[in-house]
Amino acid sequence: MTADNFYVTSDGARIYFEDRGEGFPIVMVPGFLCTTRFFEKNAGVLAEKYRVITMDPRGQGYSSKCIYGNTIQRHAQDIRELLEYLELDHVVLLGWSLSASTVVEYAKDFKEARLSGLVVVDGSLYPASHAEWNHHRARAYDLDNWFENYLPLYSNPEEFYQCFIRRISCKGGMDEDTRQWIVKECKKTMPWSAIELHYDFIHTDNYQSLKNITVPFAAFGGSSEAYGLDMAEQYVKEVQGYSEINAFYESGHLMFLYEAEKFNRCLSNFADRCYNLSMKVNKEDY
């Protein structure tokens, strides 16, 4: 790590990122509390063929511990400023879990600027929605359920992390070594900024934004009670242009970790499709 792993946003936050490989760019954004390390089985492999950028959203990992800007909209702007800082174009932008909403927010707010493709990985795009496809704990504006499950992050963190690990584990559970490094990474996020972000997230409706997406779209979904494949299936129905589903049946919320080889292959295939389509469009414009 050096100073070159950070850029400073327009409101003064320092955002940590890792930049590997060369070529067609893929930007990967981890979910709630999580960090670049969660993509350790993906970024290095994919960087053999692509330029892969992973980042710690503000408040998380090595990024600034902000008491401001902890909203989906501001996180989307942070992505915009990162792409501008690195002068990236034709980007495949991926968001996992909570950050699925962030990347769709980016596409909406900035009219898909610098994008060639969009990937959402096992994330609710409107956690408080009453819709049947929504399996989030805040479904149907059950805010009391949200308070019961998320305020322990501040008042009783060990209880919170036990529940958090159970929710994101694969069907066979999680071994102790994996559990320890995941909790260690998540504890780099301060409870107050995390809770503020998550509360904004559950109120944010980015499901309605899907109908305006024009770049190729991929939904990666895990077969689990926490989220479920019907959510991914619903998303692709809303997208007017090219869309695809990549389903994972053995790994739940952490498919990029437990089914890394399949995940990398699916993402690579989608990135190649995006690249070919973007090159075709450029030739037609020329």
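Use the structure listed above.
Every value quoted in this text rests on a predicted model; they were computed, and no experiment measured them.

Some points on the overall build of the protein
The secondary structure content of the protein amounts to 11 helices and 8 strands. A globule of 286 residues ought to have a C-alpha radius of gyration of about 19 Å, and the protein, at 18 Å, matches this closely. The burial tally for the protein puts 57% of its 286 residues in the buried class. Residue pairs at least 24 apart in sequence account for 75% of intrachain contacts in the protein once pairs closer than 6 positions are excluded. Within the protein, the 41 negative side-chain charges are centred at a point lying 1 Å from the centre of the 29 positive side-chain charges.

Focus on the pairing of strand 7 (residues 217–222)
With 6 of 6 residues buried, strand 7 lies mostly within the body of the structure. Judged by which residues are buried, strand 7 turns out to be covered on both faces: Phe217, Ala219 and Gly221 on one side and Ala218, Phe220 and Gly222 on the other are all buried. Sheet topology note: the strand 6 (residues 115–121)/strand 7 ladder contains 4 bridges and is parallel. The partner of Val119 across the bridge, within strand 7, is Ala218. By the bridge criterion, 6 bridges tie strand 7 to strand 8 (residues 243–248) in an arrangement that is parallel. Counterpart to Gly222 in the pairing with strand 8 is Phe248. In this fold, strand 7 hands off to helix 9 (residues 229–238), which returns the chain to strand 8; that crossover is right-handed.

Remarks on a negative patch on the surface
Together, Asp142, Asp144, Glu148 and Glu159 line one region of the surface with negative charge. By the element assignment, Glu148 lies in helix 4 (residues 143–150). Here Glu148 falls in the exposed class, since its relative accessible area comes to 60%.

With respect to the layout of surface pockets
In this model, the largest pocket occupies a volume close to 180 Å³. Around the largest pocket, the lining is made up of 13 residues, and of these Arg166, Arg167, Ser169, Cys170 and Ser224 lie nearest the centre. Here the residues of the lining of the largest pocket sort into 2 nonpolar, 7 polar and 4 charged.

Conventions we followed
- Residues numbered from 1 in each chain as written.
- Predicted model: local features only at pLDDT ≥ 70, side-chain atom pairs only at ≥ 80, totals over all residues.
- Heavy atoms only, no water.
- Helix = DSSP H or I, 4+ residues; strand = E, 2+ residues; numbered from the N terminus.
- Rg over C-alpha atoms; globule rule 2.2 N^0.38 Å.
- Buried < 20%, exposed > 50% of the residue type's maximum accessible area, 1.4 Å probe, protein only.
- Contact = heavy atoms within 4.5 Å.
- Lys, Arg positive; Asp, Glu negative; His and termini not counted.
- Charge placed at Lys NZ, Arg CZ, Asp CG, Glu CD.
- Pairing = 2+ DSSP bridges.
- Right-handed = clockwise from strand over helix to strand, strands pointing away.
- Patch = residues over 30% accessible without salt bridge, like charges linked within 9 Å, V, L, I, M, F, W, Y side chains within 5 Å.
- Areas by Shrake-Rupley, 256 points an atom, 1.4 Å probe, with all protein chains shown as cover.
- Salt bridge = Lys/Arg side-chain N within 4 Å of Asp/Glu carboxyl O.
- 1 Å grid on protein atoms, 1.4 Å probe; cavity = no way out; pocket = protein on both sides within 12 Å on 5 of 7 lines; lining within 4 Å.
- Points joined across faces, edges and corners; volume = space filled by probe spheres on them.
- Nonpolar A, V, L, I, M, F, W, Y, C, P; charged D, E, K, R; others polar.

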